[in-house]
Amino acid sequence: MTDAATSPFDDIRRLITTMPGPDEAAVEAVRLRERQLTKPAGSLGRLEWVVEWLAAWQGKERPSADRPLVCVFAGSHGVTAQGVSAFPPEVNRQMLENFAAGGAAINQICASLGLGFKVFDLAIDMPTNDITEREAMDEKSCVATMAFGMEAIAGGTDLLAVGEMGIGNTTIAAAIYTALYGGPAEHWVGRGTGIDDEGFRRKVAAVEAAVARHKDHLKDPLEVLSRLGGREIAAIAGAILAARLQKIPVILDGYVATAAAAVLHAIHPSTIDHCLAGHLSAEGAHQDVLARLGKIPLLALGMRLGEGTGAALAAGIVKSAAAVHRDMATFSQAGVSERLA
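What this report covers is the structure whose coordinates are included nearby. What you are looking at is a predicted structure, and each value in this text was computed from that prediction instead of being measured. (Residues numbered from 1 in each chain as written. Predicted model: local features only at pLDDT ≥ 70, side-chain atom pairs only at ≥ 80, totals over all residues. Heavy atoms only, no water.)

On to helix 6 (residues 139-151). Across its 13 residues, helix 6 extends 19 Å between first and last C-alpha, which sits within 8% of the 18 Å expected from 1.5 Å per residue. When we look at burial in helix 6, the residues that qualify are Glu-139, Cys-142, Val-143, Thr-145, Met-146, Gly-149 and Met-150. Buried residues along helix 6 cover an arc of 160 degrees about the axis, so they all sit on one side. Exposed positions of helix 6 whose direction lies more than 90 degrees from the buried face are Lys-140 and Glu-151. Looking at the buried positions of helix 6, the neighbouring elements they touch are helix 1 (10-17), strand 1 (68-74), helix 10 (221-228) and helix 11 (231-245). At the N-terminal end of helix 6, a side-chain oxygen is found 3.3 Å from the backbone nitrogen of Lys-140, two or three residues along, and the residue is Asp-138. (Helix = DSSP H or I, 4+ residues; strand = E, 2+ residues; numbered from the N terminus. Expected span 1.5 Å × (residues − 1). Buried < 20%, exposed > 50% of the residue type's maximum accessible area, 1.4 Å probe, protein only. Arc of directions from axis to C-beta. Contact = heavy atoms within 4.5 Å. Polar contact = N/O pair within 3.5 Å; in protein donor to acceptor, adjacent residues only side chain to side chain.)

Here is the structure:
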């Protein structure tokens, strides 16, 4: 680790101190309009909360989801050498080609819901170091990857959904959670791509070995990210920070994408206040993680694919919530009698 006075992470820490908070005036304006719409108060349940969340973090009295964007970050991991996945590493490149050809699940979801879609290749043919043997990335590389993620939303969007792809990354996520929250590794390890019992034991052993190797350097959440993380997780963390600075609400995908948010939350809980949990993944201890982050998932469909699929489906709901709030008639406009006092 570099000296704390000159650490590359210092810029990230300074950036976090400059992040804007929620726009309470915009939230109040949304609540005022909500009371005037042609429906019983509270009858749209969490959809009403979603609109308030959008308003708070966009700073708009009439929040929008007109330019939603799904960003998928793809990385590869040296820890796959430990036999932690049911699929070989070459699947990474093949899946990138599948994304480009429009053949993946996320392509279909984005097309059907009118969502923008971008994929970012984070040196997919150059795995990070095997975390059971050495740090995944040095601090400088980690910060550079976060900076790359911050540039991912260039071009404009009013709602960002973040996802990932990379063989071995559920092992990486489990290692991050074990380092951040403690407890036995097997609590945080899931079946990932569908490994058998022997593969599960190898995966647990890899997480245990990695955490033990780096145990003297895991008090700083950013060191957890650089030593145990992956490029896709670092890039997602950067995208989350950039979105906050640009007043763009964020929808998190599943177990791996949430690991990026968990790192930021460990630095300061308010860092991810603008993030919504898109869904509850069936992978690992995602429900436990979301509870620690104070996030209630919008969907629970038993999904564990990654690719931003759960976040994209949630973006469709957010898009509908914004449209309802914007276009629904008020009692006076529709000539509908309001509730009796």
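Ordered by their spatial adjacency, five strands build an open sheet running 2-1-3-4-5, and the pairing between neighbours is parallel. This sheet does not close on itself; its edge strands, each paired only once, are strand 2 (116-121) and strand 5 (275-277). Direction aside, neighbouring strands of the sheet carry axes that sit 25 degrees apart on average. Two elements, strand 3 (residues 159-165) and strand 4 (residues 250-252), share three bridges in a ladder whose sense is parallel. (Pairing = 2+ DSSP bridges. Axes fitted to C-alpha atoms, helices over the stretch in contact; angles between N-to-C directions.)

Taken as a whole, this structure holds one cavity of 30 Å³ or more when the rule is applied. Of the volumes computed, that of the largest cavity is approximately 40 Å³. Contributing to the lining of the largest cavity are Glu-34, Leu-44, Leu-47, Glu-48, Val-51, Ala-321, Val-324 and His-325. Split into classes, the residues belonging to the lining of the largest cavity amount to five nonpolar, one polar and two charged. (1 Å grid on protein atoms, 1.4 Å probe; cavity = no way out; pocket = protein on both sides within 12 Å on 5 of 7 lines; lining within 4 Å. Points joined across faces, edges and corners; volume = space filled by probe spheres on them. Nonpolar A, V, L, I, M, F, W, Y, C, P; charged D, E, K, R; others polar.)

At a minimum axis separation of 6 Å, helix 6 and helix 11 run at an interaxial angle of 50 degrees. Compared by their axis directions, helix 6 and helix 11 come out oblique. When you trace helix 6 past helix 11, the crossing you get is right-handed. Note on element contacts: helix 11 touches helix 6 through Arg-231, Ala-234, Ala-235, Ala-237, Gly-238, Ala-239, Leu-241, Ala-242 and Leu-245, opposite Cys-142, Thr-145, Met-146, Gly-149 and Met-150. Here the contact of helix 6 with helix 11 is composed, by residue class, of 10 nonpolar, three polar and one charged. (Parallel < 35°, antiparallel > 145°, perpendicular 65-115°, else oblique. Left-handed = near helix turned anticlockwise from the far one by under 90°.)

Attention now goes to the packing of helix 10 against helix 12 (residues 255-267). For any two helices packed against each other, one specifies the crossing angle of their axes together with the interaxial distance. Two elements in contact, helix 10 and helix 12, have axes separated by 8 Å at closest approach and are oriented at 150 degrees. Compared by their axis directions, helix 10 and helix 12 come out roughly antiparallel. Between helix 10, through Pro-221, Leu-222 and Leu-225, and helix 12, the contact on the second element is made entirely by Val-263, Ala-266 and Ile-267. When the residues that make up the contact of helix 10 with helix 12 are grouped by side-chain class, the tally is six nonpolar, no polar and no charged.

Attention now moves to the side chain of Glu-48. With respect to the secondary-structure elements, Glu-48 resides in helix 3 (residues 46-58). Taking the relative accessible area as the measure of exposure, Glu-48 reaches 11% and is therefore buried.

Backbone geometry places Ala-123, a non-glycine residue, at a positive phi of 50 degrees. Here Ala-123 is to be found in the loop between strand 2 and helix 6. Despite not being glycine, Lys-247 shows a phi value in the positive range, around 60 degrees. On the secondary structure map, Lys-247 appears in the loop between helix 11 and strand 4.

Right, let's get into the layout of surface pockets. Considering only enclosed or pocket space, the largest pocket measures out at about 450 Å³ in volume. In this structure, the largest pocket is lined by 26 residues; those nearest its centre are Asn-169, Thr-193, Arg-304, Leu-305 and Gly-306. Going through the elements one at a time, helix 4 (91-101), strand 3, helix 7 (169-181) and helix 12 are the ones with two or more residues in the lining of the largest pocket. With three residues, helix 7 is the largest single contributor of residues to the lining of the largest pocket. Considering only residue class, the lining of the largest pocket consists of nine nonpolar, 12 polar and five charged. Taken as a whole, the second largest pocket holds about 300 Å³ of empty space. Lining the second largest pocket are 17 residues, with Trp-49, Trp-53, Trp-57, Asp-273 and Lys-295 sitting closest to its centre. Taken together, the elements giving at least two residues each to the lining of the second largest pocket come down to helix 2 (24-34), helix 3 and strand 5. The leading source of residues in the lining of the second largest pocket is helix 3, at six residues. Residues of the lining of the second largest pocket, tallied by class, amount to 10 nonpolar, one polar and six charged.

Glancing now at the pattern of salt bridges. Tallied over the full model, the rule gives 18 salt bridges. Measuring nitrogen to oxygen at the nearest pair gives 3.1 Å for the salt bridge that ties Glu-34 to Lys-39. For the residue pair Glu-34 and Lys-39, the accessibility class agrees, reading buried in each case. Across the salt bridge formed by Asp-288 and Arg-292, the nearest N and O atoms sit 2.9 Å from each other. In this pair, Asp-288 and Arg-292 both sit in helix 13 (residues 286-293), four residues apart, roughly one turn of the helix. Accessibility expressed as a relative area gives 38% for Arg-292, which makes it partly exposed. Among the ionic contacts, a cluster of salt bridges with common partners joins Asp-10, Arg-13 and Asp-220. (Salt bridge = Lys/Arg side-chain N within 4 Å of Asp/Glu carboxyl O.)

In short, the description is geometric, and any link to function would need to be established separately.
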